[in-house]
Each structure stands twice: as C-alpha cells, then as structure tokens.
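# Residue-level structural notes
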Amino acid sequence: MSAAKPRVGFLGVGWIGRHRMQGIIDTGVVEVVALADPSPEMTDEAAKLVPGAAIGTTLDDVLAQDLDGLVIATPSALHADQSIAALKAGVAVFCQKPLGRSAREVQAVIDAARDADRLLGVDFSYRFTAGVQAIRDLVRGGELGDIRAIDLTFHNAYGPGKPWFYDRSLSGGGCLIDLGVHLIDLALWVLDFPEVSDVSGHLLSDGKLLQANPEAVEDYAVASFRLGTGTIVRIACSWQLQAGQEAVISAAFYGAQGGAELRNVNGSFYDFTAKRFRGTSSETLVSPPDEWGVRAAKDWAQRLARSKSFDQQAERIVDVSRVLDRIYGIT
C-alpha cells in the first residue's frame, strides 16, 4: 500500500491563498484538509475547491486537524508568530513573503524550523518564472562570464488595497518589503547568495525623503549594494508610479561575456520575456505564456510529500531580510 498523502491546511484564503491552494491541489501529492480565515466569504469560496475540509477562523482551528503542513497567507505582521507556532506543533510551513518584518523575526522562524526539523518555504515566486530559471542557468554555468552589474526594477501603477499595508507596525514597510523583496531575492539567489556589503538606499513617501527606520511607509525606494563577487546591484521599486502601464518589471544581469534580462510584456504582471545579450545583439530565451505563479507552492508541496524534515536551503531566507534591514536602517 502507498503511504498516505501529507495533510495540509491553509491559514488565510483570500485570492492569493486560494490561488496557491489550487496549484497545490493540482499536484495531487497532498490532501487539503483544513481552511481558516476570519472572513466567512473567503472560507466559503475556498471550500468550493475542497468540499469536506474542516472550516475555521484561527490558527488553532487548523492546527487541531492533525496537519503535516500549513500554508500561510495572512497579513505580514502575523507571519512570524504563526509560522513559529505551527513549526513548534510539528507542522511544516509555506508562508507568503515576507516571512517576517525584520531579519530578527525571520531568523526566529528559521531557528524554529531547524529545532523542529520541519520543512520551511517562502513564496519567492519569481524564482520560478521560466525566464529567471533560464538566466540562472546561464549565470551559474559561467556563460555570461563574471557578473559585473545587476539592475532590477518593480514599479506598480497601483498600491495595495488593504489598509494594513500602510501601517508599518503591521507590514514592516512599504513598496520595498512588498516588491523590492523579490528583487533582492533574485539578485542573491541567481548568484547563489554571496556576501553583501556597502548597502545604501533612499526611501520616499509622497515625494518626501524618509529618514532611517521611519514610521511612514515608502511608496518609492532605490537602493544599491555590493556582492562578494564584486557585482554591483541596483534596485528600484514603487507603488502608484505614473508609469504609463500597470507595471514595469525587469531583472538584468550584465557579465563580462554577455548579459541577460527578464522583462514584463506590455505592462503585464504575469507575462515575461527573457533575452540573452551578446554585444549589441540579442536572442529570445523565453516568451509567454508561462504559468509560473503557483510553482513555488507546488515545489514546497512536492518536497513535503518526499520529506517533512528541515531543508538547509531555508537558512538563506534571512539573507534577503538582512539587506532589507540595512536599507531601512534597522539595527
């Protein structure tokens, strides 16, 4: 007889939670047995995907269902405490970004996962675009030579619709921790997490420069840092920028022997091309369509089906948060 599928619960079943849920269900490798959200409307919608799942409103409600894994898609201020509680209960965790509002919170979650010997994952979804995967293979294969510069952008013509995003105590910050976190992760992940130094940045809110560790949340951020490889990284991100389109998203890697870039198509949040550069010429590596949005969640579910044990990859999650702390001026 085959082993039973891991039992998985979902805490927070708004649009993102339900989207990740459908992707995880589609893997066929786990059983979704519990849902929880303070909103009855959200749990009603989620229950259509998994009729028969236990329905609740709190973390305790889902943890009472003898889980192997928990997917968390709640406001950022709750991520660290909820993840730690689940891990201490012996439950593996897949959490929306950011895992915590500071490197201290993130490290506490990683420590809890290691102590419990349980799998921990974060939804760094852009790693799983076909374009980034192709660029990573070029970089790590040495085909672009030494990477000298990385230039990353994520401008959003909209701001988040939920009020908690604009309360630093709940969100941990503004567009930098919301969008820039993906950019920092891509730079570090593609180059396999080299050391980081010389971090500097500027944060603005409504056109006004914010000081270190501000109370207001930024709607525009620009930062740079240097990697142990000698690479210079520049990031820029924003909410509600007058960009002429819904989004401007790009990640360019420039090496001694060539370059490569991921770029969104016609302002899309979902469609990307990836190109390789040789001098003044370019070739297309990847074109849409590419159903990448749930791949991080699927990857976690598939790893959970193989083993609930701690994966050393989780140790690197805090590297991204340390860069964020240094830009924000958190000491």
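See the structure shown above.
First, a word on scope: everything that follows refers to the structure included in this document. (Residues numbered from 1 in each chain as written. Predicted model: local features only at pLDDT ≥ 70, side-chain atom pairs only at ≥ 80, totals over all residues. Heavy atoms only, no water.)

## With respect to helix α9 (residues 295–306)
In this model α9 runs 17 Å from its N-terminal to its C-terminal C-alpha over 12 residues, within 8% of the 16 Å that 1.5 Å per residue would give. For α9, every residue scored as buried is listed here: A296, A297, W300, A301, R303 and L304. Along the axis of α9, the buried residues cluster in a sector spanning 165°; they form a single face. (Helix = DSSP H or I, 4+ residues; strand = E, 2+ residues; numbered from the N terminus. Expected span 1.5 Å × (residues − 1). Buried < 20%, exposed > 50% of the residue type's maximum accessible area, 1.4 Å probe, protein only. Arc of directions from axis to C-beta.)

## Here's the deal with the pattern of salt bridges
The full count for this structure, using the stated rule, is 19 salt bridges. D290 is the partner of R295 in a salt bridge, and the nearest nitrogen-oxygen pair spans 2.5 Å. Looking at D290, the relative accessible area reads 17%, which means it is buried. Here the residues in one salt-bridge network are D111, R114 and E315, joined through shared partners. (Salt bridge = Lys/Arg side-chain N within 4 Å of Asp/Glu carboxyl O.)

## Things to note about the sheet that holds strand β9 (residues 208–209)
Spatially, nine strands are ordered β9-β8-β10-β11-β7-β12-β13-β14-β15 in an open sheet, and the strand pairing comes out mixed. Edge positions in the open sheet fall to β9 and β15 (281–286), since each of these has one partner strand only. Both strand β8 (residues 196–205) and β9 contribute to a ladder of two bridges, which runs antiparallel. Note that in β9 the partner of L204 across the bridge is L209. Along the sheet face, helix α6 (residues 130–140) touches β7 (147–156), β12 (247–255), β13 (258–264), β14 (272–278) and β15 and points at about 170° away from the line of β13. Helix-sheet contacts for helix α10 (residues 317–328) involve β8, β10 (220–227) and β11 (232–239), and the interaxial angle to β8 is about 55°. (Pairing = 2+ DSSP bridges. Contact = heavy atoms within 4.5 Å. Axes fitted to C-alpha atoms, helices over the stretch in contact; angles between N-to-C directions.)

## Some thoughts on the packing of aromatic side chains
In the structure shown here, the tally under the stated rule is eight aromatic pairs. Relative to F154, the ring of Y126 lies with its centre 5.9 Å away and its plane at 80°, an arrangement referred to as edge-to-face. Placement of Y126 in the loop between β6 (120–122) and α6 and of F154 in strand β7 is noted, with a sequence separation of 28 residues between them. Assessed through its relative accessible area of 10%, Y126 is described here as buried. Pairing F272 with W292 gives two aromatic rings, centres 5.8 Å apart and planes at 65°, and the pair type is edge-to-face. Residue F272 is found in strand β14, and its partner W292 is found in the loop between β15 and α9; the two are separated by 20 residues along the sequence. Each member of the pair F272 and W292 is classed as buried. Grouping aromatic residues by their ring pairs yields a cluster made of Y126, F154, F272 and W292. (Phe/Tyr/Trp six-rings, centres within 6.5 Å; stacked < 30°, edge-to-face > 60°.)

## Observations concerning the sheet that holds strand β2 (residues 31–36)
Across the sheet, six strands lie side by side as β3-β2-β1-β4-β5-β6; this open sheet has parallel pairing. With one partner strand each, in any of the chains shown, β3 (54–56) and β6 form the two edges of the open sheet. Each strand of the sheet is rotated relative to its neighbour by a mean of 20°, with strand direction disregarded. Across four bridges, strand β1 (residues 7–11) lies against strand β4 (residues 69–72) in parallel orientation.

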